[in-house]
Amino acid sequence: MDLTETADEQAFRAEARGWLAEHVPTGALASFDTRAGFEEHRAWEAELHEGRWSAVSWPIEYGGRGADYIKWLVFEEEYYRAEAPGRVNQNGIFLLGPTIMEVGTPEQKARFLPRMASGEDIWCQGWSEPNAGSDLAAIASKAVLDGDHWVISGQKTWASRGAFADWMFGIFRTDPDAERHRGLTFILVPLDLDGVTVRPIAQLDGETGFAEVFLDEVRVPVDCMLGELNRGWQVAMATAGFERGISLRSPERFVQTARRLIALHERRGGEADAGLGDEVVRGWMDAQAYSLHTYWTVSHLLEGGTIGAEASLNKIFWSEMDIRMHAAAQQLLGPWAELTAEAPQARHDARWLDGYLFALAGPIYAGTNEIQRNIIADRVLNLPRGA
Ligand SMILES: Cc1cc2nc3c(=O)[nH]c(=O)nc-3n(C[C@H](O)[C@H](O)[C@H](O)COP(=O)(O)OP(=O)(O)OC[C@H]3O[C@@H](n4cnc5c(N)ncnc54)[C@H](O)[C@@H]3O)c2cc1C
């Protein structure tokens, strides 16, 4: 792994930095877990797309720049440094997009990818169900073929940004007699069809972007199946590996948190317990370690390698690091930590409370950390299974 940037990478970085300096909104957008904020973020996605920055690693024909993963990391670094808005179409661009490129038909690529890159279609992920979270293969929502349509019935839950999204990708049971993992199919579902009821769920911070999605004999055209019939599990696991291993949380997000934590310590460290300095230094070192590890993973991918079960190590590492850094900030802030953004005295410190509440979800979403530890025990360490 050579960390020296090439002239081409330096030029790419300068171009991204220049564009972001000109275009990143000066004030924060409203939260994308509100209807108004969701649309503000959609407009931002369109602006990114106009500059061809919405999906830099995608092929040019679909709205990307054909950038390799190193350049993708460079862009992410510049993006977080510029404090640009969160990506409302993250599930589409970083998860579903690469999956469509891998297993989609040419028609599906042409139909879905450009609209995803431009923010015209915003996607949510419909995997979890009330009785299928950690045990995802217990999915009960079913899809039955009827002529040239799938007829889908069941319930999905915890769909991030599902309250406002246009489309949902999910896995559905298509062969009830097959072994659990074998009878599932990956299907793309428009959320404006008859029979779809989207019910928002209030989150810890009171906003309602999360949703449960009820499907009552919803007729979805047969060409919305992604990949092969009854092979949805394999498609979904390829998406999940990519998510945990690289795309969900790029390192600069945590490097920026560490920088803000250091600044907070400089401002408030004198008043707080001196021992917190160690936590701040640890946050910085962990964020740097995660950054270097991601460069390693990306170099491995560029050499033709793949991401396997070791992606689970990554997911545990960043989610626990994020909580530790936010908890240290809460301690540094002392009683000020409880102020929400509406409090006049809170100034920008309320961001820490928001961030802390969201960090607490890190060990749960994208597969809980307990499940990641099971995967590591089983498939990385090859430990014998317990009784
Ligand atoms: C912020 C957030 C966003 C999310 N976004 C989405 C989304 O967009 N789309 C989507 O489909 N889902 C989403 N989810 C759902 C998420 O994937 C599930 O919550 C998660 O997989 C756990 O499933 P569960 O909630 O049913 O908990 P359960 O599976 O019921 O687990 C409950 C507890 O038991 C533990 N446990 C369960 N089985 C085992 C085992 N075999 N060994 C050890 N411990 C075990 C778990 O680790 C957990 O602590 C999101 C969740 C959160 C918090």
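For the structure, see preceding data.
Keep in mind that what you see is a predicted model, and the values were worked out from it rather than measured.

Each helix and strand in the protein chain was counted, giving eleven helices and eight strands. For 387 residues, the compact-globule formula gives about 21 Å, and the C-alpha radius of gyration of the protein chain, at 21 Å, lands near that figure. The C-alpha extent of the protein chain, read off along each of the three principal axes, is 70 × 50 × 45 Å. Among the 387 residues that make up the protein chain, the fraction classed as buried is 50%. For the protein chain, long-range pairs separated by at least 24 residues make up 73% of all intrachain contacts whose partners lie at least 6 apart in sequence. In the protein chain, the 36 positive side-chain charges and the 57 negative ones have mean positions that sit 2 Å from each other.

Tallied over the full model, the rule gives 19 aromatic pairs. For the ring pair Phe112 and Trp167, a centre distance of 5.2 Å and an interplane angle of 80° mean the geometry is edge-to-face. Here Phe112, found in helix 5 (residues 106–117), pairs with Trp167, found in strand 4 (residues 167–173); they are 55 residues apart in sequence, far enough to count as distant. Looking at Lys156, its charged tip hangs above the ring of Phe172, at a distance of 4.9 Å from the centre.

Bringing the packing of helix 7 (residues 252–268) against helix 9 (residues 311–333) into the picture now. The N-to-C vectors of helix 7 and helix 9 enclose an angle of 20°; their axes lie 10 Å apart at closest approach. Taken together, helix 7 and helix 9 sit at an angle that is classed as roughly parallel. Crossing angle aside, the handedness with which helix 7 passes helix 9 is left-handed. Facing helix 7, whose interface residues are Phe254, Thr257, Ala258, Leu261, Leu264, His265 and Arg268, helix 9 presents Trp318, Met321, Asp322, Met325, His326, Ala328, Ala329, Leu332 and Leu333.

A few words on the pattern of salt bridges. Scanning the entire structure with this criterion turns up 27 salt bridges. For Arg42, the salt bridge goes to Asp166, with nearest N and O atoms at 3.0 Å. Remark: Asp166 occurs in the loop between strand 3 (149–159) and strand 4 and Arg42 occurs in helix 2 (residues 35–50); sequence separation between them is 124 residues. Residue Arg42 is classed as buried on the basis of its relative accessible area, which comes to 16%. A single network of salt bridges, built from pairs that share partners, joins Glu5, Arg13, Arg17, Glu77, Glu78, Arg81, Glu252 and Arg259.

Take the site of the ligand next. Surveying the vicinity of the ligand reveals 16 residues, the closest of which are Ser128, Ser134, Trp158, Thr368 and Glu370. Measuring from an oxygen atom of the ligand, one finds a backbone N or O atom of Trp127 at 3.0 Å. In this structure, Asn374 approaches the ligand through a side-chain N or O atom, which is 3.0 Å from a nitrogen atom. Protein burial of the ligand: of its 980 Å² of free accessible surface, 64% is covered by the chains. Those elements giving two or more residues to the shell around the ligand turn out to be strand 3 and helix 11 (369–380). In terms of residue count, the dominant contributor to the shell around the ligand is helix 11 (three residues).

Formed by 67 residues in total, the largest nonpolar core has its most connected members in Leu96, Ile152, Phe186, Ile187, Leu188 and Leu215. Leave out the neighbours within four places in its chain, and Phe186 touches Leu96, Trp127, Phe169, Gly170, Ile171, Cys224, Met225, Leu226, Gly232, Val235, Ala236 and Thr239. In this structure, Val255, Leu261, Tyr290 and Ala337 belong to the second largest nonpolar core, which totals 20 residues.

The next point concerns the side chain of Ser141. Relative to the helices and strands, Ser141 is located in the loop between strand 1 (123–126) and strand 2 (142–146). Those residues in contact with Ser141, other than ones at most four positions away along the chain, are Glu129, Ser153, Gly154, Gln155, Lys156, Phe172 and Arg173.

Bridge analysis of strand 3 against strand 7 (residues 210–221) gives eight bridges, and the strand direction is antiparallel. Its bridge partner being in strand 7, Trp150 is matched across the sheet by Val220. One ladder, built from six bridges, connects strand 6 (residues 196–201) with strand 7; its direction is antiparallel. By the bridge assignment for strand 7, Val196 is matched with Leu215.

Positive phi outside glycine occurs at Trp158, with the angle close to 60°. Here Trp158 is to be found in strand 3. A positive phi angle, near 65°, is found at Asn230, a position not held by glycine. Summarising the element assignment, Asn230 is placed in the loop between strand 8 (225–226) and helix 6 (232–247).

Basis of the calculations
- Residues numbered from 1 in each chain as written.
- Predicted model: local features only at pLDDT ≥ 70, side-chain atom pairs only at ≥ 80, totals over all residues.
- Heavy atoms only, no water.
- Helix = DSSP H or I, 4+ residues; strand = E, 2+ residues; numbered from the N terminus.
- Rg over C-alpha atoms; globule rule 2.2 N^0.38 Å.
- Buried < 20%, exposed > 50% of the residue type's maximum accessible area, 1.4 Å probe, protein only.
- Contact = heavy atoms within 4.5 Å.
- Lys, Arg positive; Asp, Glu negative; His and termini not counted.
- Charge placed at Lys NZ, Arg CZ, Asp CG, Glu CD.
- Phe/Tyr/Trp six-rings, centres within 6.5 Å; stacked < 30°, edge-to-face > 60°.
- Lys NZ or Arg CZ within 6 Å of the ring centre and 35° of its normal.
- Axes fitted to C-alpha atoms, helices over the stretch in contact; angles between N-to-C directions.
- Parallel < 35°, antiparallel > 145°, perpendicular 65-115°, else oblique.
- Left-handed = near helix turned anticlockwise from the far one by under 90°.
- Salt bridge = Lys/Arg side-chain N within 4 Å of Asp/Glu carboxyl O.
- Near = heavy atom within 4 Å.
- Polar contact = N/O pair within 3.5 Å; in protein donor to acceptor, adjacent residues only side chain to side chain.
- Areas by Shrake-Rupley, 256 points an atom, 1.4 Å probe, with all protein chains shown as cover.
- Core = buried A, V, L, I, M, F, W, Y, C linked by side-chain atoms within 4.5 Å.
- Pairing = 2+ DSSP bridges.

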